[in-house]
Amino acid sequence: MARSMTTPAAAIRSARPRSFVRLETLPGADAARRKAASRAVAEGELIKVRHGLYYRGAKTRYGMTRPSAVEVAFEALGRKGVGPAGFSAAREWSLTTQLPPALHLAALKPAKDLPGVTLTIRSNLDRVDLTFKEVALVELLRDPEVYVETGWPALVELVAIAESAHAIRIGKVLAVAASERDVATRANAARLRADLAARSHAGHAAA
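The structure contained in this document is the topic of the report that follows. The shown structure was predicted, so the numbers you read here are calculated from the model rather than taken from an experiment.

1. Considering the pattern of salt bridges
- All chains considered together, the criterion is met by 12 salt bridges.
- Between E139 and R122 there is a salt bridge; the shortest N-O distance is 2.8 Å. Here R122 lies in the loop between strand 8 (117–121) and helix 5 (132–140) and E139 lies in helix 5, a separation of 17 residues in the sequence.
- Because the salt bridges share partners, they merge into one network encompassing R122, R127, E139, R142 and E180.

2. With respect to the sheet that holds strand 6 (residues 83–84)
- Taken in spatial order, the 3 strands of this open sheet run 6-7-8, and their pairing is mixed. With partners counted over all chains shown, the strands left at the sheet margins are strand 6 and strand 8, one partner each.
- With 5 bridges connecting them, strand 7 (residues 103–107) and strand 8 associate as parallel partners. Among the inter-strand pairings, L103 is bridged to a residue of strand 8, identified as V117.
- Docked against the sheet, helix 3 (residues 69–77) engages strand 7 and strand 8, running at close to 20° with respect to strand 7.

3. Let's talk about the environment of R39
- Turning to its location among the elements, R39 is positioned in helix 2 (residues 30–42).
- For R39, a relative accessible area of 39% translates into the label partly exposed.
- Through-space distance from the C-alpha of R39 to that of A106 is 35 Å; in sequence the pair is 67 residues apart.

4. Re the nonpolar core
- Membership of the largest hydrophobic core comes to 29 residues, with the highest contact counts inside it found for W93, L137, L140, L155, V159, I170 and L192.
- Sorting the residues of this core by element identifies helix 4 (86–92), helix 5, helix 7 (152–164), helix 8 (170–178) and helix 9 (183–206) as the ones contributing at least two each.
- Ranked by residues supplied to this core, first place goes to helix 7 with 6 residues.
- When sequence neighbours within four positions are dropped, the list of residues in contact with I170 reads L137, V159, E163, L192 and L196.
- Core analysis: the second largest hydrophobic core is formed by 15 residues, F74, L77, L103 and A107 among them.

5. Brief notes about helix 3
- Of the positions making up helix 3, those classed as buried are V72, A73, F74, A76 and L77.
- Residues of helix 3 that are buried sit in contact with strand 1 (19–22), strand 2 (47–50), strand 7, strand 8 and helix 5.
- Downstream of helix 3 by a residue or two, G78 has a phi angle that is positive, lying close to 80°.

Scoring rules and cut-offs
Residues numbered from 1 in each chain as written. Predicted model: local features only at pLDDT ≥ 70, side-chain atom pairs only at ≥ 80, totals over all residues. Heavy atoms only, no water. Salt bridge = Lys/Arg side-chain N within 4 Å of Asp/Glu carboxyl O. Helix = DSSP H or I, 4+ residues; strand = E, 2+ residues; numbered from the N terminus. Pairing = 2+ DSSP bridges. Contact = heavy atoms within 4.5 Å. Axes fitted to C-alpha atoms, helices over the stretch in contact; angles between N-to-C directions. Buried < 20%, exposed > 50% of the residue type's maximum accessible area, 1.4 Å probe, protein only. Core = buried A, V, L, I, M, F, W, Y, C linked by side-chain atoms within 4.5 Å.

See the structure below:
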């Protein structure tokens, strides 16, 4: 039994449901790995996601579940410094009703062949410690007039709520935004900082 587990087919069968399978990590020679993966796809045991990457979904009465675009992106890019951009960022913050044709992500490195994802590469390595939602906020500060259809006050309101709920680290976000090369992002970060401070001061005064 232990011996059979060294084959690529056995490794595929042992993969847990809702997990990714990388061709390069399967045991055996290249030809054997490719053959086993192709057979598993044909038999409905795996779904091919992109070159060298497969997914073993959970089997349901409607077929095997597929990974979301975000799950595929995380598997290809990692999670550090990855987050929504454009209208995807606005949807993450519930600030638009626009539905982008593809998930728009900002990341620190490129990746080819990401189905359902539009990828924008950013060069600011300070983003590496930001969460998914925090990256979305930095991206919104690039052009809130375009992406925030409910207006700047709504953005300030939701940021204040998120900060109060400890859903974001606003100090970290604003520091990263202030270090961006984009001039508008830096200006809007300063504006957001001032508006949050004024809001906090008004709240203390009212209390």
